[in-house]
Amino acid sequence: MRSLVPITIDTTWVAVDMATVREIGGPLTWIALPTASAALPGVAAWRGRAVAVADLAAVLGAGERLAAKTGRVRTLYVQHGASMLAVPVDTVREPLVVADGEIRPPRIRNEAFCTGEVEVEGHTTLVVDLGVLLDAYRPAAAGVAH
Amino acid sequence: MAAVSMVHIQDPRVRWCVRAARVLRIMPAAEWNAAPPVDVLAALGPMPRGGARTRRVVVVEAADRRETALLAAGAIDVGDVDAAAVLPLPELLAGATPQIAAIIVAPDASLSLLVELAAVITPVPWPVPAACARGW
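Residues numbered from 1 in each chain as written. Chains lettered and ligands numbered in written order. Predicted model: local features only at pLDDT ≥ 70, side-chain atom pairs only at ≥ 80, totals over all residues.

Asker: When you look at the interface of chain A and chain B in this model, what are you seeing that I'm missing?
Answerer: Interface size is often expressed as the accessible area that is lost when the parts come together. Taken together, the contact between chain A and chain B spans 24 residues of the former and 26 residues of the latter. Residue assignment for the side of chain A that touches chain B shows that the elements contributing at least two residues are strand 4 (30-32), strand 5 (42-46), strand 6 (49-53) and strand 8 (83-89) of chain A. Here the side of chain A that touches chain B takes 4 residues from strand 6 of chain A, the largest share from any one element. Taken together, the residues that form the side of chain A that touches chain B break down as 18 nonpolar, 4 polar and 2 charged. (Contact = placed C-beta atoms within 7 Å. Helix = DSSP H or I, 4+ residues; strand = E, 2+ residues; numbered from the N terminus. Nonpolar A, V, L, I, M, F, W, Y, C, P; charged D, E, K, R; others polar.)

Asker: Quick question: what am I supposed to make of the nonpolar core here?
Answerer: In summary, soluble globular proteins display a tendency toward joint burial of nonpolar side chains. In terms of nonpolar packing, the biggest core is built from 85 residues, with V16, V43 and L85 of chain A together with L70, I103 and V115 of chain B touching the most fellow members. Leaving out residues up to four positions away in the same chain, L85 of chain A has contacts with V51, A52, A54, V78, L130 and L134 of chain A. (Core = buried A, V, L, I, M, F, W, Y, C linked by C-beta atoms within 7 Å. Buried ≥ 20, exposed ≤ 12 C-beta atoms within 10 Å, placed from the backbone.)

Asker: So what exactly am I meant to see when it comes to the pairing of strand 5 of chain A here?
Answerer: All names here are of chain A. Along strand 5, 5 of the 5 residues are buried, which leaves the element largely enclosed by surrounding structure. Of the two faces of strand 5, the one holding G42, A44 and W46 and the one holding V43 and A45 are both buried throughout. Of the pairings in the sheet, the one linking strand 5 to strand 6 comprises 5 bridges and is antiparallel in character. Bridge pairing links V43 to A52 in strand 6. Hairpin geometry of strand 5 and strand 6 is characterised by an intervening segment of 2 residues between the two adjacent antiparallel strands and by a positive phi of about 50° at R47. (Pairing = 2+ DSSP bridges.)

Asker: Can you walk me through the sheet that holds strand 8 of chain A in this structure?
Answerer: Pairing between the strands of a sheet is mediated by backbone hydrogen bonds and can be parallel or antiparallel. Residues and elements named next belong to chain A. Taken together, the 6 strands give an open sheet; going across it, the order is 3-7-8-6-5-4, and neighbouring strands pair in mixed fashion. Looking at strand neighbours, the two that pair on one side only are strand 3 (21-25) and strand 4, the edges of this open sheet. For this sheet, the mean angle separating the axes of adjacent strands, direction not counted, is 30°. Those strands touched by helix 2 (residues 130-137) are strand 7 (74-80) and strand 8, and its axis lies near 80° from that of strand 7. (Axes fitted to C-alpha atoms, helices over the stretch in contact; angles between N-to-C directions.)

Below you can see the structure in the form of structure tokens.
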């Protein structure tokens, strides 16, 4: 059995592992970073620390990319190892428990972070492993340019 | 509260600041004649148009102890920040963004970037091409 939190970004349905979710909040105040990537465009403050902002819309090609002065109405704070991520989303649906057999291999995407598909409220929902996604988009350390 | 004095720049792209203790002076950009000034937000987009004649530079002592000018596009003010509101970048991003040391959370929850002067050494073209200057 797996506990999943379904979320939506534009019209795309995604589910993430409930165990990684530390908090669900409202709209995110964040700031863009120079040299940031489309997947990790900036940083936000959360519980007295700075956390990376992940733009799932950019990663999935789902909806408009996150813009500094427009946000999404919900934020998922998720943890992978020592890394915390703030993930702005449009909606967060009720968490659900699904049997492993209900999760079928992904058909609509083939990236490593897409670990399966499940039906939620009549929508094909992509099960995303945010840890794998984070490893795939982890920014490389920059050298200091002279 | 422990306070840190900062020089804040209200850049239209992103608000940023440097520690006031590292600022030597603030002067009109047109009067700066040494090495080309640095646009610390160049990666976020071009310098905002307008105000070229009144644009200023924040002159700081860089890591090599030489004076470095940072282009300031926007209003400048000096103010204290609660040290607890200075949040270092997470490890995930710090290595890829060495020119930013931290974010600063204002009392209204808005954010600004604290520039890491040791990493700010990439100049922008200077003097400004005439075609650009006309549009500013």
